[in-house]
Amino acid sequence: MYLSYVILFDVLVVGGGLAGLTSALDLQKKGYSVLVFEKLAYPHHKVCGEYVSMEAVPYLDYLGISLLDAVSINKMVLSTLKGRTLQADLAMGGVGISRYTLDNRLYLKAREVGVMFVFESVVSVIFQRETFIIKTEKGTVYHAKVAIGAYGKRSALDKQLQRGFKGEKSPWLAVKAHYKLDGFPDDTVALHNFRGGYGGLSKTESGAVNFCYLVSYESFKEVKSIAHFNKNVVSKNPFLGQFLEEAQQLFPAPETIGQVGFEKKSAVENHIIMCGDTAGLIHPLCGNGMAMAIHSAKIAAETIDCFFREMAYSRNQMEKDYTKQWRKTFGRRLWLGRNLQSLLLHEKSLEVVVQLASKSPSLIKSLISNTHGKTIRF
Ligand SMILES: Cc1cc2nc3c(=O)[nH]c(=O)nc-3n(C[C@H](O)[C@H](O)[C@H](O)COP(=O)(O)OP(=O)(O)OC[C@H]3O[C@@H](n4cnc5c(N)ncnc54)[C@H](O)[C@@H]3O)c2cc1C
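Remember, predicted model here, so these are calculated numbers, not experimental data.

With that out of the way, let us pick up the site of the ligand. In the vicinity of the ligand lie 35 residues, with E38, G49, Y51, R99 and D277 positioned nearest. The separation between a nitrogen atom of the ligand and a polar main-chain atom of G49 is 2.7 Å. Those elements that place two or more of their residues in the shell around the ligand are α1 (18-29) and α8 (289-309). The biggest single contributor to the shell around the ligand is α8, with 3 residues.

Laid out in structure tokens, this is it:
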């Protein structure tokens with residue numbers, strides 16, 4: 001006779017990026033059994049500007065993730081296609097660290113505290129009789145009391161979960177590579193505009209300069225390759241032109257992602273607590289998505305902790321509280337990011353704004369502080 005049994009985890013986390021790893025680490029430290037599903041092995045590069053707002057750094061430190069080797073950044077430069085520039089101090093500032101290092105550091109710490117990992121893609125999440133049933137691409141099935149969705153901007157899972165935006169094609173794609181360039185300032189994150197997009201430059205812990213840009217398909221579709229696009233469109237911005245001329249690309253080929261969407265999403269879907277980009281992506285120019293992913297993971301860990309500890313705190317209440325907290329913490333920033341992005345991509349308006357803002361440091365200061373949050377409290 002065969003005995004079959006099911007292991008019931010407290011929490012299953014779909015996606016081991018910043019949001020998934022942070023929530024797993026926090027919940028495991030709080031004493032729960034956590035299993036993370038991640039489709040890629042660590043370490044791996046990710047398309048991202050790699051500027052982490054300072055608001056997330058003390059909480060990461062509390063979780064045992066030191067960023068002492070990261071590059072300290074406290075200045076911002078913005079340039080228009082015509083080469084007009086705006087410079088500002090970043091009041092809170094941030095650090096430059098590659099996702100290759102940061103995600104891997106979180107992964108190693110999570111494993112150290114007992115988080116378990118399955119390196120397979122999740123194909124379905126079903127909620128039945130107060131239990132989540134998660135199935136992977138290999139057909140293996142796992143069970144848990146709570147599920148966190150932290151699978152990033154877009155995944156086939158959105159379709160399985162019948163999320164509202166599943167059918168809409170996103171008009172954005174993103175490109176990133178590391179470069180070697182002596183003399184690039186450590187303390188500066190630069191944002192440069194070009195036709196149909198914009199790109200960020202900042203240093204990482206390895207000394208490499210990360211160049212990451214977001215561009216509309218509309219602008220990209222006329223050219224044959226990234227090299228061609230860099231030469232003929234991106235380089236029209238004089239600063240980017242000079243950078244691409246002088247810097248030496250360190251990746252064999254740039255990393256790319258398509259279907260980068262900024263649509264509104266729900267913070268809870270089919271009883272799954274959504275974290276990071278799965279709940280909503282802020283426009284990259286705000287340099288805040290990573291801090292938001294980390295912060296949303298903390299809010300999720302606290303709400304889930306309450307659900308497990310307090311008998312009278314229902315699942316329904318947990319879902320309501322998480323949604324409310326999420327909107328209160330990130331709603332305003334997302335709205336502002338959306339509006340700023342439209343401005344940044346409109347050449348003439350941007351020229352005017354840069355001209356005005358360079359005469360009004362308080363305007364730029366207020367914009368920067370409103371797209372960022374306060375230091376995450378723990
Ligand atoms: C061009 C660009 C530049 C940016 N620059 C910055 C910046 O400078 N600063 C900043 O703070 N933010 C920036 N962001 C935003 C930031 O990258 C994201 O907000 C952040 O990565 C969100 O983390 P996450 O954990 O939600 O998602 P991710 O880091 O994308 O992690 C999701 C994980 O889920 C895994 N996964 C997906 N589907 C499945 C599945 N079915 N099964 C198992 N695993 C799965 C993926 O492999 C991935 O590892 C930028 C974004 C873009 C597009």
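Having seen the model, we can carry on.
Here we take up the packing of aromatic side chains. Evaluation of the coordinates by the stated rule reveals 23 aromatic pairs. Aromatic pair Y59 and Y62: ring centres 6.1 Å apart, planes at 20°, arrangement stacked. Of the two residues, Y59 and Y62 are both situated in helix α2 (residues 57-62); the distance of 3 residues between them amounts to about one turn of the helix. Classification of Y59 as buried rests on a relative accessible area of 0%. Ring plane angle 85° and centroid distance 5.4 Å describe the contact between F194 and Y213, whose orientation is recorded as edge-to-face. Taken as a pair, F194 in strand β11 (residues 188-194) and Y213 in strand β13 (residues 209-216) lie far apart in primary sequence, 19 residues in all. Y213 matches F194 in its accessibility class, with the two residues each being buried. Taking NZ or CZ as reference, K29 lies 5.6 Å from the ring centre of Y62, over its face.

What follows deals with the nonpolar core. In terms of nonpolar packing, the biggest core is built from 103 residues, with L67, L102, I148, I304 and Y322 touching the most fellow members. Examining the composition of this core, we find that 11 residues originate from one element, α8, more than from any other. Here I304 is in contact with V11, L27, V146, I148, I273 and M318, once residues within four sequence places are set aside.

A word on the environment of M274. Residue position: M274 is located in strand β17 (residues 272-274). When the C-alpha positions of M274 and G15 are compared, they lie 11 Å apart, and in sequence the two are 259 residues distant. Apart from the residues lying within four places of it in its own chain, the contact partners of M274 are G149, Y151, L161, R163, S266, A267, V268, E269, A279 and Y322.

The next thing to look at is the UniProt feature "transmembrane region" (unreviewed entry) in the protein. The feature "transmembrane region" (unreviewed entry), as given by UniProt, occupies residues 6-25 in the numbering adopted here. For residues 6-25, the end-to-end C-alpha separation is 23 Å, with 40% helix and 35% strand making up the annotated structure.

End to end, helix α3 (residues 99-113) covers 21 Å across 15 residues, agreeing with the expected 21 Å (1.5 Å per residue, within 8%). All of the buried residues along α3 are R99, T101, L102, D103, N104, L106, Y107, K109 and A110. On the buried face of α3, the contacting elements are α1, β3 (51-53), α2, β6 (116-118) and α8. Immediately beyond the C-terminal end of α3, within one or two residues, lies G114, with a positive phi of roughly 110°.

Moving on: the pairing of strand β12 (residues 197-203). Summarising burial for β12: 7 of the 7 residues are buried, a large majority. Here β12 shows a buried face lined by G197, G199, L201 and K203 and a second buried face lined by Y198, G200 and S202. Of the pairings in the sheet, the one linking β11 to β12 comprises 5 bridges and is antiparallel in character. Across the sheet, L191 pairs through a bridge with G200, a residue of β12. Joining the antiparallel neighbours β11 and β12 is a turn of 2 residues, in which G196 adopts a positive phi near 85°. Across 7 bridges, the pairing between β12 and β13 is antiparallel. Bridge pairing in β13 places L201 opposite F211.

Rules and cut-offs
Residues numbered from 1 in each chain as written. Predicted model: local features only at pLDDT ≥ 70, side-chain atom pairs only at ≥ 80, totals over all residues. Heavy atoms only, no water. Near = heavy atom within 4 Å. Polar contact = N/O pair within 3.5 Å; in protein donor to acceptor, adjacent residues only side chain to side chain. Helix = DSSP H or I, 4+ residues; strand = E, 2+ residues; numbered from the N terminus. Phe/Tyr/Trp six-rings, centres within 6.5 Å; stacked < 30°, edge-to-face > 60°. Buried < 20%, exposed > 50% of the residue type's maximum accessible area, 1.4 Å probe, protein only. Lys NZ or Arg CZ within 6 Å of the ring centre and 35° of its normal. Core = buried A, V, L, I, M, F, W, Y, C linked by side-chain atoms within 4.5 Å. Contact = heavy atoms within 4.5 Å. UniProt positions renumbered as here; feature names shortened; annotations may be inferred. Expected span 1.5 Å × (residues − 1). Pairing = 2+ DSSP bridges.

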